[in-house]
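Analysis of the macromolecular model
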Amino acid sequence: MSKAVEEQASLEQQAVKDEAYMRQAMALAAEAESRGEVPVGALLVKDDKVIATGFNLSICRHDASAHAEMECIRAAGQAVENYRLLDTTLYVTLEPCAMCAGAMVHARIARLVYGAADLKTGAAGSVVDLVRSRAFNHQLTVTSGVLAEECGEQLSAFFRRRRQEKKALKMAEKKQGQ
Ligand SMILES: [Zn+2]
């Protein structure tokens, strides 16, 4: 095989792996949703092995820092007994916020793969880019838009359902008031 063909093959292989891991992250997001949380899921991979997982638990934990990525980074630190998570890739269904992007830089995570972009709070390129900023002493490589539509739909379906539930509740209250 020529070098170019080899490189192309390995890129394609990586893309297949990225999608498979993103599906696992989506399953974790569903886990969050089943607890009434905004569905975001994350996992950390090292040497083709999942070393930690996490999903959003902010409401259950009364903790603004309990985002999927933070849960995942905390679990990974315990698993490898090191706060530095060298040579790892973090997969998450939604573009990380500033807090999570900052934690990824501190943890020296090598690569970030995310699904849907977050145009309101995304800190990996959408609103601001903290993971590739030369102002810090560590940068991640970023692959965005893996299963973006499916990840985005998982979130919008959740918010649609929640709006409907709120509406139904309001109508029920009105009825009771009559
Ligand atoms: Zn976050």
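Residues numbered from 1 in each chain as written. Predicted model: local features only at pLDDT ≥ 70, side-chain atom pairs only at ≥ 80, totals over all residues.

**Concerning the packing of helix α3 (residues 68-80) against helix α4 (residues 98-106)**
Here is the rule we go by: For every element, the axis is a line fit to its C-alpha atoms; helices are fit only across the contacting stretch, and the angle between N-to-C directions ranges from 0 to 180 degrees. Secondary structure elements follow DSSP: runs of H or I no shorter than four residues count as helices, runs of E no shorter than two count as strands, and numbering proceeds from the N terminus. Between 65 and 115 degrees an angle is taken as roughly perpendicular, under 35 as roughly parallel, over 145 as roughly antiparallel, and anywhere else as oblique. If you view the pair so one helix is near and one far, a crossing is left-handed when the near helix is turned anticlockwise from the far one by less than a right angle, and right-handed when it is turned clockwise. By definition, residue pairs are in contact when their C-beta atoms, positioned from the backbone, come within 7 Å.
At a minimum axis separation of 9 Å, α3 and α4 run at an interaxial angle of 25°. Taken together, the axis directions place α3 and α4 in an arrangement best described as roughly parallel. Pair α3 / α4 crosses with left-handed handedness. Packed against α3, whose contacting residues are Glu69, Met70 and Ile73, the element α4 presents Cys100, Ala103 and Met104 at the interface.

**Considerations on the sheet that holds strand β2 (residues 49-55)**
Using the following cut-off: By the convention used here, strands pair only if DSSP detects at least 2 bridges between them.
Read across the sheet, five strands follow the order β2-β1-β3-β4-β5 without closing on themselves; strand pairing throughout is mixed. Bordering the open sheet on either side are β2 and β5 (141-143), each of which pairs with just one other strand. Taken pair by pair, the neighbouring strands of this sheet meet at an average axis angle of 20°, ignoring direction. Examined bridge by bridge, strand β1 (residues 41-46) and β2 share six bridges and lie antiparallel to one another. Looking across to β2, one finds that Gly41 is bridged to Phe55. The strands touched by helix α1 (residues 3-34) within the sheet are β1, β2, β3 (88-94), β4 (111-116) and β5, with β1 carrying the most contacts at an inclination of about 140°. Sheet strands touched by α3: β1, β2 and β3. Its angle to β2, the strand with the most contacts, is close to 140°.

**Comments concerning the environment of Leu11**
Formally: Buried means a residue has 20 or more other C-beta atoms within 10 Å of its own C-beta, exposed means 12 or fewer, and partly exposed covers the counts in between; C-beta atoms are placed from the backbone.
Structurally, Leu11 can be placed in helix α1. For Leu11, a count of 10 C-beta atoms within 10 Å puts it in the exposed group. Between the alpha carbons of Leu11 and Asp47 there is a distance of 16 Å; along the sequence they are 36 residues apart.

**Here's the deal with the nonpolar core**
The nonpolar side chains of soluble globular proteins are, as a tendency, buried together. The condition that has to hold: Think of a nonpolar core as buried Ala, Val, Leu, Ile, Met, Phe, Trp, Tyr and Cys residues chained together by C-beta atoms that fall within 7 Å.
Ranked by internal contacts, the top residues of the largest apolar core, which has 44 residues, are Ala25, Leu43, Tyr91 and Met104. If you list the elements that add at least two residues to this core, you get α1, β1, β2, α3, β3, α4 and β4.

**A look at helix α5 (residues 148-177)**
The test is simple: The span you would expect from a helix comes to 1.5 Å times its residue count less one.
Compared with the 44 Å implied by 1.5 Å per residue over 30 residues, the 44 Å span of α5 between its first and last C-alpha is a close match. Little of α5 sits inside the fold, with two of its 30 residues counted as buried.

Scope: geometric values only; no functional claims are made or implied.
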